[in-house]
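Examining the three-dimensional arrangement
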Amino acid sequence: MSDHAGSEELQSQYLTVNLAHEEYGIDILAVREIRGWTPVTRIPQSPPYLLGVLNLRGAIVPVLDLRLRFGVEREAYTDTTVTVIVAVDGRSFGIVVDAVSDVLDAADSQVRPVPDMGTTVDTEYLRGLIGVNERMVLLLDVDRLLRLHDKSLEAAA
């Protein structure tokens, strides 16, 4: 007899999104909804990456542009631009990305650590990397990305 339970590898699913010609993965368990881009209500004196808030079935949800959060130049929103609603610590946030790509199934053993880039590159928001065919998917740590000690996000939430 073999112990199948002991040999089964833990699997995770990631929603893959495109941002500035790179592919990022968001833990599917954090994703609540995918919406087409709609304008938001701007919050005065908020940082540029915090676009504003939207009313999501009675809940006020802060929305941030992931390009601006990562220091990438903003581009015009198109038909493929979407807002991914994610839940962190019981609160919902929207993150604007260029497009949604796919759902990626990956064994936890496939996740590689983020290489040390020194002090010039901030990799704080990355959980790891997964090689898929000829491309790399950067796994986002949404808990850190939407950390509530960020006063502007906390105020908007």
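This text follows the structure it describes.
Report follows, based on the coordinates. Please read these numbers as outputs of a predicted model, since none were measured by experiment.

Parameters and conventions
- Positions within a chain are numbered from 1, following the residues in the order the chain's sequence is written.
- For this predicted model, a pLDDT threshold of at least 70 governs which residues receive local features, and a threshold of 80 or more governs which side-chain atom pairs are given and counted, while totals over whole chains, interfaces and linings are taken from all residues.
- Hydrogens and water are ignored here; the side-chain numbers use all heavy atoms of the structure.
- Strand pairing is assigned whenever DSSP detects at least two bridges linking the two strands.
- Each helix is a run of DSSP H or I of at least 4 residues and each strand a run of E of at least 2, with the numbering of both proceeding from the N terminus.
- Every angle, taken between N-to-C directions, lies between 0 and 180 degrees, and every axis is a line fitted to C-alpha atoms, over only the stretch in contact when it is a helix.
- Any Lys or Arg side-chain nitrogen found within 4 Å of a carboxyl oxygen on Asp or Glu counts as a salt bridge.
- Residue burial is assigned from relative accessible area. The probe radius is 1.4 Å, only protein chains are included, and a residue is buried under 20% of its type maximum, exposed over 50%, and partly exposed in between.
- Planes of paired rings set the category: under 30 degrees apart is stacked, over 60 is edge-to-face and the rest tilted, where pairs are Phe, Tyr or Trp rings (Trp by its six-membered ring) whose centres lie within 6.5 Å.
- Placement of a charge over a ring requires the Lys NZ or Arg CZ to be within 6 Å of the ring centre, with the centre-to-atom vector within 35 degrees of the ring normal.
- Two residues form a contact once any of their heavy atoms are found within 4.5 Å.

Reading across from one edge, β8-β1-β2-β10-β9 is the order of the five strands in this open sheet, with mixed pairing throughout. The open sheet is flanked by β8 (99–107) and β9 (126–132), the only strands paired with a single partner. Strand-to-strand twist across the sheet, computed as the mean angle between neighbouring axes with direction ignored, equals 35°. Summarising the sheet, strand β1 (residues 11–19) and strand β2 (residues 22–27) pair through six bridges and their orientation is antiparallel. Note on β2: the bridge partner recorded for Thr16 is Gly25.

Under the defined criterion, the tally for this structure stands at seven salt bridges. As a salt-bridge pair, Asp98 and Arg67 come within 2.9 Å of each other at their nearest N and O atoms. Taken as a pair, Asp98 in the loop between β7 (91–97) and β8 and Arg67 in helix α2 (residues 66–69) lie far apart in primary sequence, 31 residues in all. When its relative accessible area of 22% is taken as the criterion, Asp98 is described as partly exposed. Each of Glu33, Arg35 and Arg57 takes part in a single network of salt bridges with overlapping partners.

In the structure shown here, the tally under the stated rule is three aromatic pairs. Seen from their ring centres, Phe70 and Tyr125 are 6.0 Å apart, and the 20° between their planes marks the pair as stacked. Taken together, the positions of Phe70 in the loop between α2 and β6 (82–88) and Tyr125 in the loop between β8 and β9 put the pair 55 residues apart, joining distant regions of the chain. Its relative accessible area of 14% is what places Tyr125 among the buried residues. Sitting above the plane of the Tyr49 ring, Arg69 keeps its charged end 4.5 Å from the centroid.

Pairing in this open sheet of five strands is mixed, and the strands run β3-β6-β7-β5-β4 from one edge to the other. Since the sheet does not close on itself, it has two edges, and those belong to β3 (31–36) and β4 (50–56), each with one partner. In this sheet, neighbouring strand axes are inclined to one another by 30° on average, regardless of whether the strands run parallel or antiparallel. One ladder, built from six bridges, connects β4 with strand β5 (residues 59–65); its direction is antiparallel. Considered in β5, the bridge of Leu56 is made with Ala59.

Attention now moves to the environment of Val97. Within the fold, Val97 resides in strand β7. Sequence spacing of Val97 and Leu64 is 33 residues, and the spatial spacing of their C-alpha atoms is 9.4 Å. Those residues in contact with Val97 that sit more than four places away from it in its chain are Val17, Asn18, Leu19, Leu66, Thr81, Val82 and Val84.

Fair warning: the whole summary comes from geometry, so function is off the table for now.
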